[in-house]
Amino acid sequence: MEAVRASAAWVASRSSHVTVDLQEIEKVVDKIQGNVPKVEWDFEGIHYFDNGPLTVQYLFVLDALNFCFWPDKDLSYDHLASGLKLALEKDKTALNADRLKNYTGPQLRQLLNWPRPLPIEEERVRLLHEVGLELERNFGDQAANLVKSAGNSAATLIELITRHFPGFRDHSLYKGHQVFLYKRAQIFVADLWGAFKGQNYGEFNDINSITIFADYIVPAVLRELGILKYGSNLSCSIDSNREIVPGSEEEVEIRACSIYAVEKMRDLIGKKFGKQNMALSHHRTLSIYY
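Below, the structure is looked at part by part. (Residues numbered from 1 in each chain as written. Predicted model: local features only at pLDDT ≥ 70, side-chain atom pairs only at ≥ 80, totals over all residues. Heavy atoms only, no water.)

Remarks on the pattern of salt bridges
Counted under the stated rule, the structure contains 19 salt bridges. The partner of Lys272 in a salt bridge is Glu26, with the nearest N and O atoms 3.1 Å apart. With Lys272 in helix 13 (residues 249-273) and Glu26 in helix 2 (residues 22-32), this residue pair connects regions lying 246 residues apart in the sequence. One salt bridge in this structure joins Arg266 and Glu263, with 3.2 Å as the shortest N-O distance. Pair noted here: Arg266 and Glu263 are both in helix 13, with a separation of three residues, about one helical turn. A relative accessible area of 10% places Arg266 in the buried class. The network of salt bridges with common partners includes Glu2, Arg5, Glu263 and Arg266. (Salt bridge = Lys/Arg side-chain N within 4 Å of Asp/Glu carboxyl O. Helix = DSSP H or I, 4+ residues; strand = E, 2+ residues; numbered from the N terminus. Buried < 20%, exposed > 50% of the residue type's maximum accessible area, 1.4 Å probe, protein only.)

In C-alpha cells:
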C-alpha cells in the first residue's frame, strides 16, 4: 500500500511529538539477525475456519469489529474472535447479511456472549449494519464475492473495501495533508492470507504490498525497544493512561511513525539478511479504526 507508506513517511518527516530513532532500528535489526518469528494463524484455536465462504464472512465481520477493547479491562480480541466463532458453530446464519444489517446492541452482546455494553457499542452496531447492507447491495450477500472481485490482489481488495465500506476508511488529516493508515482493511487481507495459507480466498500475488497494522500494541513495543521516542507531554499522557484525542497530531504521529519505523526495519533486514517479509503501556484513543 504505497499510499500508506508515503503518508506515514510524510508524517514522520514532520512529526513533533514522536521521533523515530534510526540508530535504534539498526541495533534491533542487528540483534535479531533477521530472524523474524513466524506466527501461524489461529495458533490459539480461537477462530472459525471451514475452508470456505463462511470463513471469509466470519473474518470480514471480525475485522469490521476489531477495534478499541481497552476501555473494558476484561474484553480482548480473543473474546471477539471466539465469540463470533461459537455463534457460527451454533447457527450458520448468524452472520448472514440480512441479519447483520438488523442487529441491535443487546443482540450483538448476546451474539458474543458478553454481559455488558461493549466499548463504542453504537459504532460497532453501525458498522455491522453497514457491512450487511453493502454486502447485500453489491456483493450478493457474501464477503467471499468481495474477495473474488479483487482478482488475487491485496491492494485491489483494500481499495474495494475502503471504497464500499466507509467504516474501513482509516484516514486522518495531519497538518493539512491526508494520511492513510488502513489498519482493519489490511488486517482482513492478512487474516485471509493466514487462514487459507496463501491459497484459495487467501491467494494474493502482491501480499508484500501491505504494511504493519498501526494499532495500540505496535507503538508500545517500538517505544519499549527505544525505536519510538515520545516527547515529555505525550509520554506523561500515555503513562498516566490519559485519553489521546482521535485525529490529534499526537495520535496520528504515533500510528504513522510506527508504520514508518517498521518499514525501515523491513528494508534494513532485506538489505542485511536478504529477508523481505515481516508479517506495555499503550496510547489510549477511542477509535473505530484500531
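Details of the side chain of Ser15
Position of Ser15 relative to the elements: it lies in the loop between helix 1 (2-12) and strand 1 (18-20). Residue classification places Ser15 among the buried positions, given a relative accessible area of 18%. Looking at Ser15, its side chain comes within polar contact range of the main-chain oxygen of Val18, at 2.5 Å. Within the local environment of Ser15, its side chain forms a polar contact with the side chain of Glu253, the two groups lying 2.8 Å apart. Leave out the neighbours within four places in its chain, and Ser15 touches Tyr174, Glu253 and Cys257. (Polar contact = N/O pair within 3.5 Å; in protein donor to acceptor, adjacent residues only side chain to side chain. Contact = heavy atoms within 4.5 Å.)

Focus on the environment of Leu80
Assignment of secondary structure puts Leu80 in helix 4 (residues 77-90). A relative accessible area of 4% means that Leu80 is categorised as buried. The residues touching Leu80, leaving out its near neighbours within four places in the chain, are Leu62, Leu65, Asn66, Phe69 and Leu112.

Notes on empty space enclosed by the protein
Each pocket or cavity is described by its volume, and for the largest cavity that value is around 50 Å³. For the largest cavity, the full set of lining residues is Phe69, Leu75, His79, Leu80, Leu112, Trp114, Leu118 and Arg124. By residue class, the composition of the lining of the largest cavity is six nonpolar, one polar and one charged. (1 Å grid on protein atoms, 1.4 Å probe; cavity = no way out; pocket = protein on both sides within 12 Å on 5 of 7 lines; lining within 4 Å. Points joined across faces, edges and corners; volume = space filled by probe spheres on them. Nonpolar A, V, L, I, M, F, W, Y, C, P; charged D, E, K, R; others polar.)

Remarks on a nonpolar patch on the surface
Taken together, the side chains of Ile217, Val221 and Leu225 make up a nonpolar region of the molecular surface, amounting to roughly 240 Å² of accessible area. Summarising the element assignment, Leu225 is placed in the loop between helix 11 (217-224) and strand 4 (228-230). Residue Leu225 is classed as partly exposed on the basis of its relative accessible area of 38%. (Patch = residues over 30% accessible without salt bridge, like charges linked within 9 Å, V, L, I, M, F, W, Y side chains within 5 Å. Areas by Shrake-Rupley, 256 points an atom, 1.4 Å probe, with all protein chains shown as cover.)

Here's the deal with the side chain of Glu121
Inspection of the secondary structure assignment puts Glu121 in helix 7 (residues 121-138). Among the polar contacts listed, one links the side chain of Glu121 to the side chain of Arg109, at a separation of 2.7 Å. Here Glu121 is in contact with Gly105, Pro106 and Arg109, once residues within four sequence places are set aside.

Notes on unusual backbone geometry
Of all residues except glycine, most have a negative phi; of all peptide bonds, most are trans. Phi is positive for Ile120, close to 50°, though the residue is something other than glycine. Ile120 sits in the buried class, given a relative accessible area of 17%. A positive phi angle, close to 75°, is found at Asp141, a residue other than glycine. As for its position among the elements, Asp141 is in the loop between helix 7 and helix 8 (143-148).

Describing the packing of helix 3 (residues 53-64) against helix 10 (residues 183-195)
The axes of two packed helices give the description: the angle between them and the distance between them. Orientation of helix 3 relative to helix 10, taken along the N-to-C sense of each, is 150°, at an axis distance of 9 Å. Classified by the interaxial angle, the pair formed by helix 3 and helix 10 is roughly antiparallel. For the crossing formed where helix 3 meets helix 10, the hand is right-handed. Contacts between helix 3 and helix 10 involve Val56, Leu59, Phe60, Asp63 and Ala64 from the former and Arg184, Ile187, Phe188, Asp191, Leu192 and Ala195 from the latter. (Axes fitted to C-alpha atoms, helices over the stretch in contact; angles between N-to-C directions. Parallel < 35°, antiparallel > 145°, perpendicular 65-115°, else oblique. Left-handed = near helix turned anticlockwise from the far one by under 90°.)

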